[in-house]
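Single-letter residue listing:
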Amino acid sequence: MNSQRVRLGDLSVAFVDNLADAVRSHGLDPCPLLEEYGLDAARRAEPRARLSIPRYMRLGHAAIQFTGDPALGLRMGQLGLLNRLGLAGVTAQQAPTVREAARLLTRFEPLYAQNYRGQSSLLEDSRGAWLRFYSISPYNAYNRFVVDAVLTGWFCQLNRLCGGQLRLERVQIEFPDPGYGERYQEVFGCPVEFAATTNQLRLDQANLALRNPEHSPGTWRQLLEICERELERLTRTRSLRERVVHLLGPLLHGREPDLEEVATRLQMPSWTLRRKLAEEGTGFRSILNDTRRDLAMTYIRDTDLTFGEIAYLLGFASAEAFQRAFKRWSGQTPGDYRRTQRQGT
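Residues numbered from 1 in each chain as written. Predicted model: local features only at pLDDT ≥ 70, side-chain atom pairs only at ≥ 80, totals over all residues. Heavy atoms only, no water.

Within helix α5 (residues 72-79), the full set of buried residues consists of L72, G73, L74, M76 and G77. Contacts from the buried residues of α5 go to α1 (15-24), α4 (53-67), α8 (144-161) and α9 (181-188). (Buried < 20%, exposed > 50% of the residue type's maximum accessible area, 1.4 Å probe, protein only. Helix = DSSP H or I, 4+ residues; strand = E, 2+ residues; numbered from the N terminus. Contact = heavy atoms within 4.5 Å.)

To continue, consider α4. Between its first and last C-alpha atoms α4 spans 21 Å; for 15 residues at 1.5 Å apiece the expected length is 21 Å, and the two agree. Burial within α4 is extensive, with 11 of its 15 residues counted as buried. All of the buried residues along α4 are I53, P54, Y56, M57, L59, G60, H61, A62, A63, I64 and T67. Phi turns positive, to about 70°, at G68, one or two residues after α4. (Expected span 1.5 Å × (residues − 1).)

Taken in spatial order, the 3 strands line up as β2-β1-β3 in an open sheet, and their pairing is antiparallel. Sheet topology places β2 (50-52) and β3 (113-115) at the edges, where each strand pairs with a single neighbour. Here the strands of the sheet are splayed against their neighbours by 25° on average, with no regard to which way each runs. Bridge count for strand β1 (residues 9-12) against β3 is 3 bridges, and the pairing is antiparallel. Bridge pairing in β3 places L11 opposite A113. (Pairing = 2+ DSSP bridges. Axes fitted to C-alpha atoms, helices over the stretch in contact; angles between N-to-C directions.)

Among the 6 residues in strand β5 (residues 128-133), 5 count as buried, and that is most of the element. Judged from the 4 bridges that link them, strand β4 (residues 121-124) and β5 form a sheet pairing that is antiparallel. Note on β5: the bridge partner recorded for L123 is W130. Connecting β4 to the next strand, β5, in antiparallel fashion are 3 residues. Here β5 runs beside strand β8 (residues 199-204); their pairing, made up of 6 bridges, is antiparallel. What sits directly across from G128, in β8, is D204.

Next up on the list: the sheet that holds β5. Spatially, β4-β5-β8-β6-β7 is the arrangement adopted by the 5 strands of the open sheet, whose pairing is mixed. In this open sheet, the two edge strands, each paired with only one partner strand, are β4 and β7 (192-193). Across the sheet, helix α7 (residues 98-107) is in contact with β4 and β5; its angle to β4 comes to roughly 135°.

Going from S137 to P138, the amide bond is cis rather than trans, its omega being 5°. Here P138 lies in the loop between β5 and α8. A positive phi angle, near 55°, is found at A195, a position not held by glycine. Along the chain, A195 falls in the loop between β7 and β8. Exposure remark for A195: the relative accessible area of 54% places this residue in the exposed category. Notably, Q267 is not glycine yet its phi reads approximately 60°, a positive angle. Relative to the elements of secondary structure, Q267 occurs in the loop between α13 (259-265) and α14 (270-279).

What follows covers the nonpolar core. Of all hydrophobic cores here, the largest spans 77 residues; its most connected members are F133, L151, V171, I173, Y184, F188 and L201. Broken down by element, this core gets its largest block of residues, 11 residues, from α8. Contact partners of L151, with chain neighbours within four places excluded, come to F133, V171, Q172, I173, F188, N199, Q200 and L201. L8, L266, F307 and F326 belong to the second largest nonpolar core, which has 37 residues in total. (Core = buried A, V, L, I, M, F, W, Y, C linked by side-chain atoms within 4.5 Å.)

At their nearest, the axes of helix α15 (residues 284-302) and helix α18 (residues 334-343) sit 9 Å apart, and the two run at 55° to each other. On the basis of their axis angle, the class for α15 and α18 is oblique. Note that α15 runs across α18; the crossing there is right-handed. Of the residues in α18, those in contact with M297, Y299, I300 and R301 of α15 are P334, Y337, R338, Q341 and R342. Of the residues in the contact of α15 with α18, the class split is 5 nonpolar, 1 polar and 3 charged. (Parallel < 35°, antiparallel > 145°, perpendicular 65-115°, else oblique. Left-handed = near helix turned anticlockwise from the far one by under 90°. Nonpolar A, V, L, I, M, F, W, Y, C, P; charged D, E, K, R; others polar.)

If you want it as structure tokens, here you go:
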């Protein structure tokens, strides 16, 4: 039994400040709500303090209910500040152009947010770039606000960086219009496509090249060096097993990845991966099963996803196959496990 559990992910508690400001914009006091979630001022002031993703989603849902504003995530993004992204955000504030700031926010995302589902990216081509937020489907009242806050935050932060000149070509969002589609048009000022295959913003070359009037070359380079060291610190102690687990998360979405695919992503022959894992006293199938088991228990305990949705997220062919596997892992059905966990809280 692996003692190091796989988690859904976490993010800087500074994200809570965006939520608090969004609640205040409705004339309400967010402090009682934050304290209910153990996020008083002292907790939010702790260096490197993190908040689990399930807890963040529950907090966001509670804030939406508190304000009565289903589009609260858009407001969070509008009020978000780069320096709330910690070291990466402060460094992005010194980027010479919108392009370099977007590159930095995606490359150093692990410094302020980590999710086993994937990492954001800047996909550049000859005409411009897509600034993409990875999929966190299936979507519901607990996680749509996350996509709203991330995409709106990127746009508003980069727009402030270049003095308000940024213009988007279009925006794509995975879920259908949630009922406040006009609010997206007001924020982004460009066509917004719902029920798309990805969550992303489109920037042309002219907008990517917009300059930051507050860019300081020396400060920028010094901060970049610090970011690189911090990122290296986060990853240098990873065993091969941990690197495999890190890759499995995004690959499990709707299917079961195999050893050859993971080996390719690690840029090594499959036989080498098999041998090196054996040297660490494990194997690919064991890691896959442990990862699925840990994620299943977290999903059942900390989310309200159906068992069919969890089965899909863990790459099982059916809900029945998932339930049989879970019974082998825990000795309980998923339903019994969820009831037991909820009764204990």
